[in-house]
Each structure stands twice: as C-alpha cells, then as structure tokens.
Amino acid sequence: QVQLAESGGGVVQPGESLRLSCAASGNIFSTMGWYRQAPGKDRELVATIIGGGSTNYADSVKGRFTISRDNAKNTVYLHLQMNNLKPEDTAVYYCYADFVYDPRTRYWGKGTLVTVSS
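Calculation notes
Residues numbered from 1 in each chain as written. Predicted model: local features only at pLDDT ≥ 70, side-chain atom pairs only at ≥ 80, totals over all residues. Heavy atoms only, no water. Helix = DSSP H or I, 4+ residues; strand = E, 2+ residues; numbered from the N terminus. Buried < 20%, exposed > 50% of the residue type's maximum accessible area, 1.4 Å probe, protein only. Phe/Tyr/Trp six-rings, centres within 6.5 Å; stacked < 30°, edge-to-face > 60°. Lys NZ or Arg CZ within 6 Å of the ring centre and 35° of its normal. Pairing = 2+ DSSP bridges. Disulfide = S-S within 2.5 Å.

### Regarding unusual backbone geometry
One can expect most non-glycine residues to show negative phi and most peptide bonds to be in trans.
Move 1: Although it is not a glycine, Asn84 adopts a positive phi angle of roughly 50 degrees.
Move 2: Its place among the elements puts Asn84 in the loop between strand E8 (75-82) and strand E9 (91-99).
Move 3: The partly exposed category is assigned to Asn84, whose relative accessible area is 42%.

### So, the packing of aromatic side chains
Move 1: Counted under the stated rule, the structure contains six aromatic pairs.
Move 2: Considering the side-chain rings of Phe99 and Tyr107, the 6.4 Å spacing of their centres and the 80 degrees angle between planes classify their relative orientation as edge-to-face.
Move 3: The class of Tyr107 is partly exposed, set by a relative accessible area of 24%.
Move 4: When the ring centre of Tyr94 is taken as origin, the NZ or CZ atom of Arg43, which lies over that ring, is 4.8 Å away.
Move 5: One Lys or Arg, Arg43, reaches over the ring of Trp108 and ends 4.6 Å from the middle of that ring.

### A closer look at the pairing of strand E4 (residues 29-37)
Move 1: Of all nine residues making up E4, seven are buried, and the element is well covered by its neighbours.
Move 2: Judged from the five bridges that link them, E4 and strand E5 (residues 44-49) form a sheet pairing that is antiparallel. Residue pairing in the sheet places Arg36 in a bridge with Glu44 of E5.
Move 3: From the end of E4 to the start of E5, which pair antiparallel, there are six residues, and Gly40 there has a positive phi angle of about 75 degrees.

### Topic: the state of the cysteines
Move 1: Counted by the stated rule, this structure contains one disulfide.
Move 2: Linked covalently through their sulfurs, Cys22 and Cys95 form a disulfide whose S-S length is 2.1 Å. Here the S-S torsion is close to 50 degrees, and the disulfide linking Cys22 with Cys95 is therefore right-handed. Here the residue Cys22 occupies a position in strand E3 (residues 18-25), and Cys95 occupies one in strand E9, the gap between them amounting to 73 residues. Note on accessibility: Cys22 and Cys95 belong to one class, buried.

### Concerning the pairing of E9
Move 1: Summarising burial for E9: eight of the nine residues are buried, a large majority.
Move 2: As paired strands, E4 and E9 are joined by seven bridges and run antiparallel to one another. By the bridge assignment, Met32 is partnered in E9 with Ala97.
Move 3: In the sheet, E9 pairs with strand E11 (residues 112-116) via three bridges, with the strands oriented antiparallel. Among the inter-strand pairings, Val92 is bridged to a residue of E11, identified as Leu113.
Move 4: Bridge count for E9 against strand E10 (residues 102-108) is four bridges, and the pairing is antiparallel. The partner of Ala97 across the bridge, within E10, is Tyr107.

Spelled out as structure tokens, the structure:
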C-alpha cells in the first residue's frame, strides 16, 4: 500500500528556513509536489518536480523554495527547502505523488504545519 508521510514542519521566525521531507513508499511515481493550505484559504500548488527533474514553482515562492527528490530502491524522498520564510507562508503543507502507470491516481500525505511568526 502506498503511503506518504511528511515531516519537518514547525514554528520559525520570519527570515528563517525549514526543510520539509516526504517519504513515499514505492518507486512508482511520476510527478510529485507540494501543496499548502492556509487557514481560510484555498489549497495552493507550491512546487512540482517530474521524474526527469524539471521543476515548477508558484510565483509567491520562486527564489526562496527549492524542491528536490531522491529515488531509493523502495522509497522516494521528496524535499522542500524553504528559505527566507514569511508569515504568509504559514500553512499546512501536503506532499502528493502521481502514480507513474496512471497519472489520474494521486496519493496524498496527511500534511505538516508550518508556522512563521515573530
């Protein structure tokens, strides 16, 4: 059974950094990425990475966030390095992974909370 588990969330001050990680069981994914949802707001796509390594970012995080992935034998590790964090980055961050044999099948993690506050 496919499982995605995020880690690395926490409370930081503006200008600080955090690194989120997502461990996805099985090496069977094409596109992977991160969404976030702030209180009272719609879910927002933050960053994506495809199998070949191409990346895309929301305008609000370009130049500050970096997405990367490490493919191990039975697990894929997805990371989101977040630098120069701002209060508006406060949200629950969710990782997702699309099944390589059927991109309509998307797996989700349960989310990790990032709070940026002085």
